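The primary structure of each chain is shown beneath.
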Amino acid sequence: MVTADKEELKSRESAEGLPEHRFMLAGQWREGTPYTVYCPYDGAPVGVVHRAGPDDLEQAIQAAERGFQVTRKLPGHKRAAILRKIAESMTAASEEMARTIALEAGKPIKQARGEVGRAIGVFNIAAEEAVRIHDEAIHMDAIPGGENRQGLIRRFPIGPIAAITPFNFPLNLVAHKVAPAIAAGCPVVLKPASQTPISALKLARMVIDAGWPAEALSVMPMNSADATPLVEDGRFKLLTFTGSPAVGWDMKRRAAGNKRVTLELGGNAGVIIHDDADLDFAAERCVFGGFSYAGQSCISVQRIFVHQNVYQQFLDKLVPKVQALKVGPPLEESTDLGSLITSSDGQRVQKWLDEAVTGGAKCVAGGKVEGGVVQPTVVVEAAPEMKVNNRELFAPVVTVTPYADFDEAVKSVNESEYGLQAGVFTRDVKRIFGAYDELEVGGVIVNDVPTFRLDQMPYGGVKMSGFGREGLKYAIEEMTEPKLLVINLS
């Protein structure tokens, strides 16, 4: 097992005095085309990152194929030990990792710490799953002709995995690709988001130091055009992608013939608040769900449907909480939300808000955009066809709409091309199971917001929101293949 030299793993200082981060190719640090990563909140430079090219990717694929001959035979206890050691290393460096996330993603530091904590949990859960990828005995004598035969099913790793991750959770969503791959025994070639690659590169150091075979990991910031083989090369047995729907579905179309594809894409999550709900709790959770990380989550609360009997009461509780949120620099402890990832996203949100207001909607909180900073906004009287309702906002904006009938609210949530998760606040068991039956989503969260996610949950959506499931056990199933053994004992 080759381990990268400790000195090679240290960030160097660029000519401008910024930390410099080379990309990792099969456990080794390589130089490429340098570019600067900037904090989206204030445009301050964060570090210089080296971008990999097509030749580097080809070397990474060849290394992954070689690495698979090692990883596929690693026993479960060794894979578990590696995963636990990664979690320990991340715990020791948790504040450094949180500051990295805060600076490169513009995420408030207190939320960045939460992301680091979740990523640590992902590796610890993966360690447990690595030793309980279960075998299954088949009762062959259940039908005539099966007498004196024994059947066994084991799951085997499928091979090299191509992983592409987005900007919004630059550590935890990387963990959701890398951790189950290690648990399953599969090499990974990872392309992190160009805006936020530094967290992934720091994690890569921990993975190699923990003892994962060097050839079985490459972390390569790349241009999308140069990364085409991640999608189209048949040597990868699985493409796992988190990002925009348009890009994801195009990748599925272009993926090599027998390659598996899992897609975790967009959403415009709906919440139903019935008149028997705890309105104080519902308002508090909708603030969390709609405005954490400036709404830049695919399960961020976007559309809130409230029973007409309690509509005004709910607004009276929600609006002051939203107005109390503090917008500011990501490293300030009191900051609740910062900017969107780019100023062009701010321009898009401003355009959609202007369209809504021109069409008769009202902003009862916020509504102002400056560059990439969107003030936390609550919109009422917005028609279903307005973009603030029927597109993915990915911004700190929620719409609130009254309804008269619970079934009507369920239909309203379903009037979307997306279907990731939905939230339902009610104490009525019949309504709970009715919503569970009828909502066209991958997950229904009762008495909480759709933004609720524990990392062991099966996570994914329907319609334009995705294909397949993440969550440790479920991702491992995607990364392994069942194989049957039948023994004739006659």
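The model shown is predicted, which means the values in this text are computed figures rather than measured ones.

Description of empty space enclosed by the protein
Phase 1 of the analysis: Scanning the model with the defined rule gives five cavities of 30 Å³ or more in all.
Phase 2 of the analysis: Roughly 80 Å³ of volume is contained in the largest cavity.
Phase 3 of the analysis: Together, 16 residues line the largest cavity, and R303, Y418, G419, Q421 and V441 are the ones closest to its centre.
Phase 4 of the analysis: For the lining of the largest cavity, the secondary structure elements donating two or more residues are β14 (269–273), α14 (406–414) and β21 (418–419).
Phase 5 of the analysis: Grouping the amino acids of the lining of the largest cavity by side-chain chemistry returns six nonpolar, seven polar and three charged.
Phase 6 of the analysis: Its volume calculated, the second largest cavity comes out at about 60 Å³.
Phase 7 of the analysis: What lines the second largest cavity is a set of 14 residues, and nearest its centre among them are G295, S297, S300, Q302 and F394.

Brief notes about the sheet that holds strand β15 (residues 301–307)
Sheet strands pair via backbone hydrogen bonds, and the direction of the pair is either parallel or antiparallel.
Phase 1 of the analysis: Strand order in this open sheet of seven strands is β16-β19-β20-β15-β14-β22-β23, and the pairing throughout is mixed. Edge strands, defined here as strands with exactly one partner in the open sheet, are β16 (362–365) and β23 (443–446). Within the sheet, the average angular offset between the axes of one strand and its neighbour, ignoring direction, is 25°.
Phase 2 of the analysis: Pairing geometry for strand β22 (residues 421–425) and β23, over four bridges, is parallel. Counterpart to A422 in the pairing with β23 is V444.

Quick word on helix α4 (residues 94–105)
Phase 1 of the analysis: With 12 residues, α4 extends 16 Å between its outermost C-alpha atoms, agreeing within 8% with the 16 Å of an ideal straight helix rising 1.5 Å per residue.
Phase 2 of the analysis: Taken together, the buried positions of α4 are M97, A98, T100, I101, A102, E104 and A105.
Phase 3 of the analysis: Structurally, α4 contributes buried residues whose contacts are with β5 (33–38), β6 (45–51), α3 (76–92), α5 (109–130) and α7 (198–209).
Phase 4 of the analysis: Count one or two residues on from α4 and you reach G106, which has phi positive near 70°.

Rules used in this analysis
- Residues numbered from 1 in each chain as written.
- Predicted model: local features only at pLDDT ≥ 70, side-chain atom pairs only at ≥ 80, totals over all residues.
- Heavy atoms only, no water.
- 1 Å grid on protein atoms, 1.4 Å probe; cavity = no way out; pocket = protein on both sides within 12 Å on 5 of 7 lines; lining within 4 Å.
- Points joined across faces, edges and corners; volume = space filled by probe spheres on them.
- Helix = DSSP H or I, 4+ residues; strand = E, 2+ residues; numbered from the N terminus.
- Nonpolar A, V, L, I, M, F, W, Y, C, P; charged D, E, K, R; others polar.
- Pairing = 2+ DSSP bridges.
- Axes fitted to C-alpha atoms, helices over the stretch in contact; angles between N-to-C directions.
- Expected span 1.5 Å × (residues − 1).
- Buried < 20%, exposed > 50% of the residue type's maximum accessible area, 1.4 Å probe, protein only.
- Contact = heavy atoms within 4.5 Å.

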